[in-house]
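These are the residues of each chain, in order.
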Amino acid sequence: MKLDLNLLRVFDAIYTARNVSRAATALDLTQPAVSQGLTRLRNLVGDPLFVRAAGGVVPTARAQRMAPAIHEALHALESAVQDSAGFNPAQAERVFRLHMTDIGEDQFLPRLITTARLRAPHTRIETMRVPLDDLGSAMDQGRVDLAFGFLPGLKSMRSAILFQDRYIILMRKGHPFAQRHGARLRTLDAVHTLDFITVRTHAYTRTALEALDAAGRVQVTTEHFMALPALIEATDLAVIIPRNIALSFEPRGRYAIIEADLPRHEFDVGIHWSHRYDKDPANRWLRGLALELYQET
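Residues numbered from 1 in each chain as written. Predicted model: local features only at pLDDT ≥ 70, side-chain atom pairs only at ≥ 80, totals over all residues. Heavy atoms only, no water.

**Some words on the confidence of the model for the chain**
Predicted confidence across the chain gives a mean pLDDT of 88, with 95% of residues reaching 70 or more. Model confidence for the chain, summarised as mean pLDDT per element, is weakest for helix H4 (residues 61-85) at 78 and strongest for strand S5 (residues 146-149) at 94. (pLDDT = per-residue confidence, 0-100. Helix = DSSP H or I, 4+ residues; strand = E, 2+ residues; numbered from the N terminus.)

If you want it as structure tokens, here you go:
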């Protein structure tokens, strides 16, 4: 079988976008050209590869098996070319894919995108949320360039600490508890008088309450951190969250931050990457940018 490299680029773009039109835009090709390339590849491998679905296409089982190897091969070729010529951010055309949560996007993306657009105007940034069990292999395969956050499960990855953070209790400023206890909780027994919100995507918000035998005080569970400001401001509910997140909420409303010696409440926020791309010039440039913007000195 004789494969045209451009057909693999078409496959990878469609697999990523799940839409032929969006893949054509990403490749700077016409939709008929992409459709023609897909037809050629289908004939070569003897499989439809993608089938129609609401809003675009979905990969077949064969395409699912092919995708990681094709993406890794294309990424390796791209890295080899860039490595031989170095990485020139002013001229480079590159898509950087970052693992971030919704709150990670709120904390990191604005400054990162603003600076990247100034220094590397032809690059693009895409964020995604990869299940933690799959994140290491996604970075090894080049499907994710960097992962941001507190990710102690990524022991096999390289990492650098950006800053240290700690968990606090957040509630509305007029909450009777805040008025009674002030900014520092001297005994954790008082936690049992509060009703809490937990965040499903962040295990610590429930784990800490379980450790304090206060899991029964959970009244509301939400999917994302970004739902918290409105809920906190409108109710007498409290939440256990990282202090930096609480500080980012402060301009949007009036909240009370209460320090407490919660179980294992201090942690490191960092960037993580694969050993395989440790010397990749583009990856090194992006890591350097993140460290420049966010690392505490």
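**Quick look at helix H1 (residues 5-17)**
With 13 residues, H1 should reach 18 Å at 1.5 Å per residue; the first-to-last C-alpha distance of 19 Å fits that figure. Arg18 occupies a position one or two residues after H1 and carries a positive phi of about 55°. (Expected span 1.5 Å × (residues − 1).)

**Let's talk about the nonpolar core**
In this structure, Phe148, Ile169, Met171 and Ile240 are the most contacted members of the largest nonpolar core, which totals 48 residues. Element by element, the count of residues in this core is highest for helix H11 (residues 281-294), at seven residues. Among residues more than four places away in sequence, those in contact with Ile169 are Leu185, Val191, Leu194, Phe196, Ala238, Val239, Ile240, Ala256, Ile257, Ile258, Ala260 and Leu262. With 23 residues, the next largest nonpolar core counts Leu7, Ala24, Val57 and Leu74 among its residues. (Core = buried A, V, L, I, M, F, W, Y, C linked by side-chain atoms within 4.5 Å. Buried < 20%, exposed > 50% of the residue type's maximum accessible area, 1.4 Å probe, protein only. Contact = heavy atoms within 4.5 Å.)

**Points about the pairing of strand S7 (residues 196-199)**
Here S7 shows a buried face lined by Phe196 and Thr198 and a second buried face lined by Ile197 and Val199. The sheet contact formed by S7 and strand S8 (residues 218-222) spans four bridges and is parallel. Each residue of the ladder has a partner; that of Phe196, found in S8, is Val218. At this point the chain moves from S7, through helix H8 (residues 204-211), to the parallel S8, and the crossover so formed is right-handed. (Pairing = 2+ DSSP bridges. Right-handed = clockwise from strand over helix to strand, strands pointing away.)

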